[in-house]
Amino acid sequence: MGGTKILGVLVGADSENGPVTFSELATATRPSLQGNQGVLDSALKVISALLDQADLPMNRIGGIGIGIPGAVNASTGMVYNAVNLGLEQLELRRELEDRLGVPVTVNNDVKIAAIGAAHDLGLDGSVVYLNIGTGMAACLVEDGEIFTGSTGVAGEIGHLPVDPGGDPCGCGQVGCLETIASGSAITRLWPSDAPHPSDELLAEHLGGNPEATRIFRSFASGIAQAVRAIVLSYDPEMVILGGGMRKLGEPLSDEITSTFEGWSASSPFIASLNLGARLSILPHDSNAGATGAALMAHQITTAHRSGES
């Protein structure tokens, strides 16, 4: 569940011959609605669309995994302060289980995607997933396990202030990384009627528009700053760049690399971090969020069936 749209995937799971694998049965996308009722209605519409496509009744569903922005208590399914969805507090798991009658698991969307990315890429050890979508957030996965922190807010790096004179952020602070390096930042800084302002910004940048180049380079610099903060905080083996904005592709990667090189030229300490070598961009065809949600749904389905037996 993102700040602008929701993607749902209905899968079958097979774990008899080693690590679990999934077969896709249906997909559905709907716009995200704001507020508590909007979030519930959005989720229910996507679930209904998936069942209709697959011509399945709800009682054939073993479990539902949901990733959503904001701070999430994974043990209770309570969601707090999803600012891009206009949500302050919602018992999302309980509300959906009461309506649907199947086990539901809820976690932060980036944490869900982090598990999915590590699974899809076959990565072990310490991996940080950096999501650049409507907002910006990160998650550390250590040998397949999520690091959540004491309250579940670990990884909300998009709300790290970097510019005291910058723009207001939706979190109530000023000059956060998210205000310069996110989809919402591009929408604000590059007003456009285009369906995808980021694609237009990229085209204008490549075409030599100086204002587009300034904004694009600032965007890339914000991502580079996030990677640097992650490496200095967690020292992971790999940082995976994911989210919709990763699809800006090689031009974005080149700008981030150029930023790293500039820092390294003036700082032997930064050079020693090998930031460029640690950064990997999630492939365009990867759907890490859906994979992570499916993995968590499979876990609760397996646990529920074990409890019944």
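Shown above is the structure to which this text applies.
Here goes a summary of the coordinates provided.

**Some details on the overall build of the protein**
When you go through the protein residue by residue, the secondary structure sums to ten helices and twelve strands. Rg of the C-alpha trace for the protein: 20 Å, near the compact-globule value of 19 Å for 309 residues, within the 12% margin. With the principal axes as the frame, the protein shows a C-alpha extent of 65 × 40 × 35 Å. Counting across all 309 residues of the protein, residues that qualify as buried make up 47%. By sequence separation, contacts in the protein at least 24 residues apart represent 62% of the contacts at least 6 residues apart. Per element, the accessible surface of the protein, about 14500 Å² overall, is 49% carbon and sulfur.

**Quick notes on the nonpolar core**
Judged by nonpolar contacts, the single largest core of 37 residues is most densely connected at L130, I157, F219, I223, L252 and I256. Secondary-structure elements contributing two or more residues to this core are β8 (126-132), β9 (136-142), α5 (197-206), α6 (210-234), β11 (238-242) and α7 (249-266). Ranked by size, the runner-up nonpolar core spans 30 residues in total, among them A49, L50, I61 and I66.

**As for the state of the cysteines**
Scanning all chains against the criterion turns up zero disulfides. The thiol of C169 is not disulfide-bonded; the next cysteine sulfur, from C171, is found 3.7 Å away. Under the relative-accessibility criterion, C171 is labelled partly exposed at 30%.

**Describing the packing of aromatic side chains**
Pairs of aromatic rings are described using the distance from one ring centre to the other and the angle between the two planes. All chains considered together, the criterion is met by two aromatic pairs. Between F147 and Y234 the ring centres are 6.4 Å apart and the planes differ by 70°, which places this aromatic pair in the edge-to-face class. With F147 in strand β10 (residues 145-147) and Y234 in helix α6, this residue pair connects regions lying 87 residues apart in the sequence. A residue is classified by how much of its surface remains accessible, and Y234, at 32% relative accessible area, is partly exposed. Note on F260 and W263: the rings are 6.0 Å apart at their centroids and 55° apart in plane angle, and the pair reads as tilted. Note that F260 and W263 are positioned in helix α7 at a spacing of three residues, about one turn of the helix. The exposure class assigned to W263 is buried, which follows from its relative accessible area of 17%. In this arrangement the basic side chain of R228 is found over the ring face of W263, its NZ or CZ atom lying 3.9 Å from the centre.

**Description of the sheet that holds β11**
Spatially, five strands are ordered β10-β9-β8-β11-β12 in an open sheet, and the strand pairing comes out mixed. Either end of the sheet is taken by a strand with one partner, and the two such strands are β10 and β12 (279-281). Taking each pair of neighbouring strands and ignoring which way they run, the sheet shows an average axis angle of 30°. By the bridge criterion, three bridges tie β11 to β12 in an arrangement that is parallel. Following the sheet pairing, L241 is matched in β12 by I281. Lying on the sheet, helix α3 (residues 109-121) is in contact with β8, β9, β10 and β11; it crosses β9 at an angle near 50°. Packed on one face of the sheet, α6 meets β8, β9, β10, β11 and β12 and runs near 155° to β8.

Conventions adopted
Residues numbered from 1 in each chain as written. Predicted model: local features only at pLDDT ≥ 70, side-chain atom pairs only at ≥ 80, totals over all residues. Heavy atoms only, no water. Helix = DSSP H or I, 4+ residues; strand = E, 2+ residues; numbered from the N terminus. Rg over C-alpha atoms; globule rule 2.2 N^0.38 Å. Buried < 20%, exposed > 50% of the residue type's maximum accessible area, 1.4 Å probe, protein only. Contact = heavy atoms within 4.5 Å. Areas by Shrake-Rupley, 256 points an atom, 1.4 Å probe, with all protein chains shown as cover. Core = buried A, V, L, I, M, F, W, Y, C linked by side-chain atoms within 4.5 Å. Disulfide = S-S within 2.5 Å. Phe/Tyr/Trp six-rings, centres within 6.5 Å; stacked < 30°, edge-to-face > 60°. Lys NZ or Arg CZ within 6 Å of the ring centre and 35° of its normal. Pairing = 2+ DSSP bridges. Axes fitted to C-alpha atoms, helices over the stretch in contact; angles between N-to-C directions.

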